[in-house]
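# Examination of the molecular architecture
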Amino acid sequence: MRASLWSRLFPYLLLMPAMAILLAMVVYPLLFSLTTSFTDYNLIMLDGVWVGFKNYLTAFGDPAFRDSALFTFIFAFTSTGTQLVLGFVTALCLARVVYARGPLTILLMFPMMVTPVVVGILWLLMFQPDYSVVNGLLAKLGIAGPIWLQHPLTARLAVIVADVWQWTPFFTIILLAGILNLPKEVMEAGEIDGATPLQSLARLAIPMLMPLILITTLIRLIDSFKTFDSIFVMTNGGPSASTEVVSLYIYRKGLPYMEMGYASALSYLFVIVLTVIAALLIRQLSRKA
Amino acid sequence: MSASPSTRPLHPGQRVAVGGILVLMTLFAGFPLLWVLLTSLKPNNAILSKDPIFLFQPTLEHWERVLFTSDFLKFYLNSLIIAAATVAIVMVVATLAAYALARYPMRASKDISFFIISQRMMPPVAVVLPIFLIASSIGMLDRLETLIAINVAFNIPLSIWMIRGFIEGTSREIEEAAVMDGASWLGAFWRVTVPQIWPGLLSTALFVYIYTVNEFLFASILSGTNARPVSAAVALFLPTGVRGTLFGEAAVAAILIMLPGIIFAALMQRHLVAGVSLGAVKG
């Protein structure tokens, strides 16, 4: 009897340290900020007065928040979409390389291993406000490049390019593994039946790779909604808030301005939206896979 | 597409297309890295030249300044301490939890797994504000312990997930046989299963190390001059900082920060691919 009680408790005992750490470092702070989000806690009112849903209502009418949410969507979908296309094409090409595939793959993986802050620095150097390499190279082609990080549209493009640079390898290596694991017999049977390369790609390879493609895209999509470091370094949200993603907006409201009550409400909305998107995508995914 | 995952040999034209795409992608991946290396060796007038300069008289002045006259090495040491402690704690705690989830059918198992993976979706910015308030009220700002605790918490979910996958890939029967022979469950796990999943554990540890060294948001908000890790220290060299444009120094700092991760990645490529794909499949 005693042994069975012990063996039933044993797994929970093993889980306890992990659970305790997550409760203390994630769940408790979240509950703390839930209460903060119902107060007007700020630099002047350090105790904070209960204001009910006021912060949440303010958020819905806050044009700056709406703009940052919109840009976050544009950023996440554009950069993830581009990464998927580039990564898939690269993986298809790599799969056909016979000689030195290993070293080439390592080389292509490098950007993924670069610290996100450093990604910001790298691309800040590339798009340097006055003396940009990118423009120098464009000039050689006879194109006069814009001052990238000082115009809203080109600055947005620049932060997307940086994200695409870093995360395309993620798609490349996962899809490469998937392509190399495709059942040979099926692909060969397709060829014997006279399928062109394009047909066997569209009708055989892509359907078989679909679960992997969807999961990889989902992971990147959720992560890119949370992007902060590289944009913080490259543009700090500027010019005129054109590259201010939600994370950056919340951060700015919370720390430099110390509007903790409002920032907490914003971060709750952010968490809720992210969870809903993830849940919807996961449901869609498990239906297809 | 000229390159389908088929086994048919390529036409010459297709071969050129495949080669061309790979050359372009390699240039795209490699050029910014090459550029930062060049920038770190350039004298200032070459850095600020209107034309991109590839040939110049190299100088080590930026390297000297970062390594010898700034506090960069101290910040580097901070990062190493934080990362080493985080990896050690995460590996122990996550392996225990992963073992429980992989080997014991629990009624709450599904909920626990969901709870663990939901932590992965949490935007760090949602937690950083309350943690800042809590840490400042109990006097834990600018302490290495605080940053270690946070990195541990943020790395536990993915680590449990990865290690659990590795454990489930091994057979339970051999462990049970060892228990029959008188070993304890954890003893059997340690002596029978751990040696089998060793490469997986290594790649998990590598991931935790990289994520910890890379972590920027908490590092810059919760640390001051004392416990500042390198990821946050880089900001000191940025043109937006008070010290003006120090691109050469920023380039040196960038290289020093990303070097260990890139070297590890190159050495452990195979394990890393396994880890990333597993994270994707299970994620």
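Residues numbered from 1 in each chain as written. Chains lettered and ligands numbered in written order. Predicted model: local features only at pLDDT ≥ 70, side-chain atom pairs only at ≥ 80, totals over all residues.

Across its full length, chain B holds 13 helices and zero strands. Listing every helix and strand of chain B by position from the N terminus yields α-α-α-α-α-α-α-α-α-α-α-α-α. Burial status across chain B gives 45% buried among its 283 residues. Long-range contacts, defined here as pairs at least 24 residues apart, represent 71% of the contacts in chain B between residues at least 6 apart. (Helix = DSSP H or I, 4+ residues; strand = E, 2+ residues; numbered from the N terminus. Buried ≥ 20, exposed ≤ 12 C-beta atoms within 10 Å, placed from the backbone. Contact = placed C-beta atoms within 7 Å.)

Across its full length, chain A carries 12 helices and zero strands. Tracing chain A from N to C terminus, the helices and strands come up as α-α-α-α-α-α-α-α-α-α-α-α. Over its C-alpha trace chain A gives a radius of gyration of 24 Å, far above what one expects of a compact globule, namely 19 Å for 289 residues. On the principal axes, the C-alpha backbone points of chain A span a range of 80 × 75 × 30 Å. For chain A, buried positions account for 46% of its 289 residues. Sequence separation of 24 or more characterises 70% of the internal contacts of chain A that already satisfy a separation of 6 or more. (Rg over C-alpha atoms; globule rule 2.2 N^0.38 Å.)

Assignment of secondary structure puts B:Phe54 in the loop between helix 2 (44-47) and helix 3 (61-69). Separated by 12 residues in sequence, B:Phe54 and B:Lys42 place their C-alpha atoms 9.4 Å apart.

This part covers unusual backbone geometry. All names here are of chain A. Backbone geometry places Asn236, a non-glycine residue, at a positive phi of 55 degrees. Given 17 C-beta atoms within 10 Å, Asn236 falls into the partly exposed group. Unusually for a residue other than glycine, Ala241 sits at a positive phi of about 60 degrees. Within the fold, Ala241 resides in the loop between helix 10 (229-234) and helix 11 (246-254).

Quick look at the interface of chain A and chain B now. Taken together, the 82 residues of chain A in the interface contact 82 residues of chain B. Take the side of chain A that touches chain B: its biggest share by element is 14 residues, from helix 1 (residues 2-36) of chain A. Class assignment for the residues of the side of chain A that touches chain B results in 61 nonpolar, 15 polar and six charged. (Nonpolar A, V, L, I, M, F, W, Y, C, P; charged D, E, K, R; others polar.)

Below, the discussion takes up the packing of helix 3 (residues 63-95) of chain A against helix 9 (residues 197-225) of chain A. Working note: a packed helix pair is described by the angle between its axes plus the distance between those axes. All names here are of chain A. Look at helix 3 against helix 9: their axes get within 9 Å of each other, and the N-to-C directions meet at 145 degrees. Of the two elements, helix 3 crosses helix 9, and the hand of that crossing is right-handed. Every residue of helix 9 that contacts helix 3 at Thr72, Phe75, Ala76, Ser79, Thr80, Gln83 and Leu84 is listed here: Thr217, Arg220, Leu221, Ser224 and Phe225. In terms of residue class, the contact of helix 3 with helix 9 is built from five nonpolar, six polar and one charged. (Axes fitted to C-alpha atoms, helices over the stretch in contact; angles between N-to-C directions. Left-handed = near helix turned anticlockwise from the far one by under 90°.)

Now for helix 6 (residues 124-137) of chain B. All names here are of chain B. Between its first and last C-alpha, helix 6 extends 20 Å over 14 residues, near the 20 Å set by a 1.5 Å rise per residue. What helix 6 keeps buried is the set Val125, Ala126, Val127, Val128, Leu129, Pro130, Ile131 and Ala135. After helix 6 finishes, the residue Gly139 shows a positive phi value of roughly 65 degrees. (Expected span 1.5 Å × (residues − 1).)

Residues and elements named next belong to chain B. Taken domain by domain, chain B comprises domain 1 (12-59) and domain 2 (64-282). Here the C-alpha centre of domain 2 lies 32 Å away from the C-alpha centre of domain 1. Taken together, the elements giving at least two residues each to the side of domain 1 that touches domain 2 come down to helix 1 (12-41) and helix 2. A breakdown of the residues in the side of domain 1 that touches domain 2 according to their chemical character gives three nonpolar, three polar and one charged. (Domains from an automatic or database assignment.)

One finds A:Ile121, B:Ala97, B:Ala153, B:Ile156, B:Ile160, B:Val234 and B:Ala254 to be the most contacted residues of the largest nonpolar core, which totals 164 residues. Counting contributing residues per domain, this core is built from domain 1 (12-59) and domain 2 (64-282) of chain B, each supplying no fewer than three. Not counting chain neighbours up to four residues away, the residues in contact with B:Ile160 comprise A:Ala18, B:Ala94, B:Ala97, B:Ala98, B:Leu101 and B:Ile116. (Core = buried A, V, L, I, M, F, W, Y, C linked by C-beta atoms within 7 Å.)

So, on to the confidence of the model for chain B. Residue and element names in this part refer to chain B. Summarising the model, chain B shows a mean pLDDT of 82, and 89% of its residues fall at 70 or more. Mean pLDDT across the elements of chain B ranges from a minimum in helix 13 (residues 269-282), with 54, to a maximum in helix 4 (residues 72-103), with 93. The model gives residues 278-283 a pLDDT under 50, and that stretch makes 13 contacts with residues more than four places away or in other chains. The ipTM, which scores confidence in the relative placement of chains, is 0.84 for this predicted complex, and the corresponding pTM is 0.86. (pLDDT = per-residue confidence, 0-100.)

Below, the discussion takes up the packing of helix 4 (residues 101-113) of chain A against helix 1 of chain B. Helix 1 of chain B packs onto helix 4 of chain A with a crossing angle of 50 degrees between their chain directions and a minimal axis gap of 8 Å. Comparing their axes, helix 1 of chain B and helix 4 of chain A come out oblique. As helix 4 of chain A packs across helix 1 of chain B, the resulting crossing turns out to be left-handed. Counted together, A:Leu104, A:Leu107, A:Leu108, A:Phe110 and A:Pro111 of helix 4 of chain A and B:Leu22, B:Met25, B:Thr26, B:Ala29, B:Gly30 and B:Leu33 of helix 1 of chain B form the full contact between these two elements. A breakdown of the residues in the contact of helix 4 of chain A with helix 1 of chain B according to their chemical character gives nine nonpolar, two polar and no charged. (Parallel < 35°, antiparallel > 145°, perpendicular 65-115°, else oblique.)

Residue and element names in this part refer to chain A. Residue position: Leu248 is located in helix 11. Among the residues examined, Leu248 registers 22 C-beta atoms within 10 Å and is labelled buried. Distance from Leu248 to Ala158, taken between C-alpha atoms, is 17 Å for residues 90 residues apart in sequence. Not counting residues up to four positions away in its chain, the partners in contact with Leu248 are Phe228, Ile231, Phe232 and Gly237.

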